[in-house]
Amino acid sequence: MARKMEQKRCKREYTFSIFPKVSTKRCIDNHLLSQVVTNHGLCPNYLKRYNLRECNCRCGEDADDGIQHHIFWCPLLDSCRSLIRPGMSIAQILQEKNKTKEVKSILNFLYSHQQDIFEEEL
């Protein structure tokens, strides 16, 4: 029970850091962007948390392996990045169409090449 409460708190804090104010004018209508603002989806920390898959990013650079690792830092996805740089906020990226398009492209690449990017834990 305590673990679930902690997971919910972390999830709220992550999304709150991107959108500190609730707004009915904001709509995330894309499943990939939804994953970006909730830190859910095809990333090892999410897959492990819900016992879906035991894996890590092959780059080995981030023990957390959250969605931001793949968007900003993973060297295996460097070729997908031209506009997005570490230090940018997710909110900043979502406000610019070209950067939003690039995030979608990064995550689509991650989905289609996951066998090359993730390694299963033994």
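Residues numbered from 1 in each chain as written. Predicted model: local features only at pLDDT ≥ 70, side-chain atom pairs only at ≥ 80, totals over all residues. Heavy atoms only, no water.

> Just to check I follow, could you spell out unusual backbone geometry for this structure?
For residues other than glycine, phi is negative in most cases, and the peptide bonds are mostly trans. Even without being glycine, N39 reaches a positive phi, approximately 60 degrees. Its relative accessible area of 12% is what places N39 among the buried residues. Not every positive phi belongs to a glycine, and N51 is a case in point at roughly 50 degrees. Mapped onto the secondary structure, N51 falls in the loop between helix 3 (44-49) and strand 1 (55-57). (Buried < 20%, exposed > 50% of the residue type's maximum accessible area, 1.4 Å probe, protein only. Helix = DSSP H or I, 4+ residues; strand = E, 2+ residues; numbered from the N terminus.)

> What should I look at first to understand the environment of V103 in this one?
Looking at the element boundaries, V103 is found in helix 6 (residues 97-112). Through-space distance from the C-alpha of V103 to that of C80 is 8.9 Å; in sequence the pair is 23 residues apart. Every residue in contact with V103, bar those within four places of it in the chain, is listed here: L33, V36, I71, I84 and I93. (Contact = heavy atoms within 4.5 Å.)

> It is not clear to me how the packing of aromatic side chains should be interpreted in this structure. Could you clarify?
Going through the model one piece at a time under the given rule, you end up with two aromatic pairs. With 5.4 Å between their ring centres and 50 degrees between their planes, F72 and W73 make a pair best called tilted. Using a relative accessible area of 3% as the deciding quantity, one classes F72 as buried. (Phe/Tyr/Trp six-rings, centres within 6.5 Å; stacked < 30°, edge-to-face > 60°.)

> I tried to follow the pattern of salt bridges on my own but got confused; where do I start?
Side chains that differ in charge, positive against negative, can pair when their charged atoms come close. Going through the model one piece at a time under the given rule, you end up with four salt bridges. Where R53 meets E120, a salt bridge forms, and the shortest distance between an N and an O atom there is 2.9 Å. Here R53 is found in the loop between helix 3 and strand 1, whereas its partner E120 is found in strand 2 (residues 118-120), with 67 residues between them in sequence. Note on R53: relative accessible area 22%, which makes it partly exposed. (Salt bridge = Lys/Arg side-chain N within 4 Å of Asp/Glu carboxyl O.)

> Before we go on, may I ask you to explain helix 2 (residues 31-38) in this structure?
If you check which residues of helix 2 are buried, you get L32, L33, Q35, V36 and V37. N-capping of helix 2 is provided by N30, with a side-chain oxygen placed 2.8 Å from the backbone N of L32. (Polar contact = N/O pair within 3.5 Å; in protein donor to acceptor, adjacent residues only side chain to side chain.)

> Just checking my understanding: could you explain the confidence of the model for the chain for this structure?
Overall, the predicted model of the chain reaches an average pLDDT of 82, with 76% of residues at or above 70. Highest mean pLDDT in the chain belongs to helix 6 (95); lowest belongs to helix 1 (residues 2-18) (57). (pLDDT = per-residue confidence, 0-100.)

> Just checking my understanding: could you explain the side chain of N39 for this structure?
Along the chain, the position of N39 falls in the loop between helix 2 and helix 3. At a separation of 2.9 Å, a polar atom in the side chain of N39 contacts the main-chain amide nitrogen of I67.

> I'm lost on the packing of helix 2 against helix 6 in this one. Help?
Geometrically, a packed helix pair is captured by the angle between its two axes and the distance between the axes. Here helix 2 crosses helix 6 at 95 degrees, and the two axes come no closer than 9 Å. Taken together, helix 2 and helix 6 sit at an angle that is classed as roughly perpendicular. In this structure, helix 2 contributes L32, L33, Q35 and V36 to the contact, and helix 6 contributes T100, V103, K104, L107, N108 and Y111. For the contact of helix 2 with helix 6, the class distribution of residues is six nonpolar, three polar and one charged. (Axes fitted to C-alpha atoms, helices over the stretch in contact; angles between N-to-C directions. Parallel < 35°, antiparallel > 145°, perpendicular 65-115°, else oblique. Nonpolar A, V, L, I, M, F, W, Y, C, P; charged D, E, K, R; others polar.)

> Even after reading the chapter, I still don't get the nonpolar core, so can you show me in this structure?
Across soluble globular proteins, nonpolar side chains have a tendency to be buried as a group. Of all hydrophobic cores here, the largest spans 26 residues; its most connected members are I71, F72, L77, I84, V103, L107 and L110. Going through the elements one at a time, helix 2, helix 3, strand 1, helix 4 (67-73), helix 5 (90-94) and helix 6 are the ones with two or more residues in this core. (Core = buried A, V, L, I, M, F, W, Y, C linked by side-chain atoms within 4.5 Å.)

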